[in-house]
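Listed below are the residues making up each chain.
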Amino acid sequence: MKKLTKTLFIISTLFGLGACSSTNLPKLQTVERVDLDRYQGVWHEIARIDHWFQEGCINSTANYSMRDDGDIRVLNQCDVENSDGETDEAIGRAWVVDQESNAKLKVQFPLKGIKLPFLAGDYWIIALEENYQYAMVGDPKREYLWILARNEVLPQSDLDNLLKQAKDAGFPIEQLIYK
């Protein structure tokens with residue numbers, strides 16, 4: 001029942017967010033090009049702007065793999081804080097909306113069997129280390145931000161550089177929570 005409630009809330013939230021518009025924000029820049037084959041695999045969440053759908057999540061990971069239809073399978077997992085080893089997971093679907101760069105995607109968790117863009121959120125890759133060891137993902141409205149790394153720990157100098165980039169792009173980095 002917990003998953004059904006989350007799905008229904010996501011649907012209603014996305015409808016509401018679609019009706020809102022952002023003003024006074026500069027255009028969000030993405031990386032020039034993403035090699036989706038290299039982007040696949042497990043990413044550890046280093047920091048995020050927290051939202052209800054990740055409430056109580058610690059040690060979060062995202063695992064991306066190619067689907068037979070060319071889209072991307074998304075498996076998000078986390079340990080549930082203050083539990084006796086309980087884990088939570090969400091399986092979704094992502095697809096590229098900017099074929100030139102592969103840096104702008106839509107991600108959909110409810111009804112992942114079919115693409116419904118109005119149920120999908122923006123997943124824009126705004127920073128990507130040249131060897132695909134860390135990435136930063138956000139959305140044009142600056143409501144969502146994730147700093148991801150291949151390892152569980154990101155060197156402080158790399159984190160500081162990403163935080164500066166996020167702040168300069170208009171993200172509320174003071175809202176970030178770490179691991």
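Higher on the page you've got the structure.
Because the structure is predicted, anything quoted here is derived from the model rather than measured.

Engineer: Break down unusual backbone geometry for me, with residues and values.
Structural biologist: Of note in the backbone geometry, N59 takes a positive phi value of approximately 55° without being a glycine. For N59, the position within the fold is in strand 2 (residues 57–66). The exposure class assigned to N59 is partly exposed, which follows from its relative accessible area of 40%. We note that N102 has phi near 60°; this positive angle belongs to a residue other than glycine. By the secondary structure assignment, N102 is in the loop between strand 4 (87–96) and strand 5 (104–108). Of the residues examined, N102 reaches a relative accessible area of 8% and is grouped as buried.

Engineer: Give a description of the environment of Q175 that names residues and reports values.
Structural biologist: Turning to its location among the elements, Q175 is positioned in the loop between helix 3 (156–168) and strand 9 (176–178). Q175 sits 127 residues away from R48 along the chain, and the two C-alpha atoms are 8.1 Å apart. Setting aside chain neighbours within four positions, we find Q175 in contact with R48, I49 and D50.

Engineer: Tell me what's going on with the pattern of salt bridges, and back it up with residues and numbers.
Structural biologist: Once their charged atoms are close, side chains differing in charge can pair, the charge on each being opposite to the other. One pass over the full model with this rule turns up 8 salt bridges. With a shortest N-O distance of 2.9 Å, R48 and D50 are connected by a salt bridge. Exposure remark for R48: the relative accessible area of 1% places this residue in the buried category. A salt bridge links D168 to K164, with the nearest nitrogen and oxygen atoms 2.7 Å apart. Highlighted residues: D168 and K164, both in helix 3, separated by 4 residues, approximately one helical turn. Sharing partners across several salt bridges, the network here consists of R67, D69, D71, R93 and K115.

Engineer: Can you break down helix 3 residue by residue, with the values?
Structural biologist: In this model helix 3 runs 18 Å from its N-terminal to its C-terminal C-alpha over 13 residues, within 8% of the 18 Å that 1.5 Å per residue would give. Listed in full, the buried residues belonging to helix 3 are D158, L159, L162, L163 and A166. The buried side chains of helix 3 occupy one side of the element, clustering within an arc of 135° when seen end-on. Exposed residues on helix 3 whose side chains face more than 90 degrees from its buried face are N161, K164, K167 and D168. One or two positions beyond helix 3, positive phi appears at G170, with a value near 95°.

Conventions adopted
Residues numbered from 1 in each chain as written. Predicted model: local features only at pLDDT ≥ 70, side-chain atom pairs only at ≥ 80, totals over all residues. Heavy atoms only, no water. Helix = DSSP H or I, 4+ residues; strand = E, 2+ residues; numbered from the N terminus. Buried < 20%, exposed > 50% of the residue type's maximum accessible area, 1.4 Å probe, protein only. Contact = heavy atoms within 4.5 Å. Salt bridge = Lys/Arg side-chain N within 4 Å of Asp/Glu carboxyl O. Expected span 1.5 Å × (residues − 1). Arc of directions from axis to C-beta.

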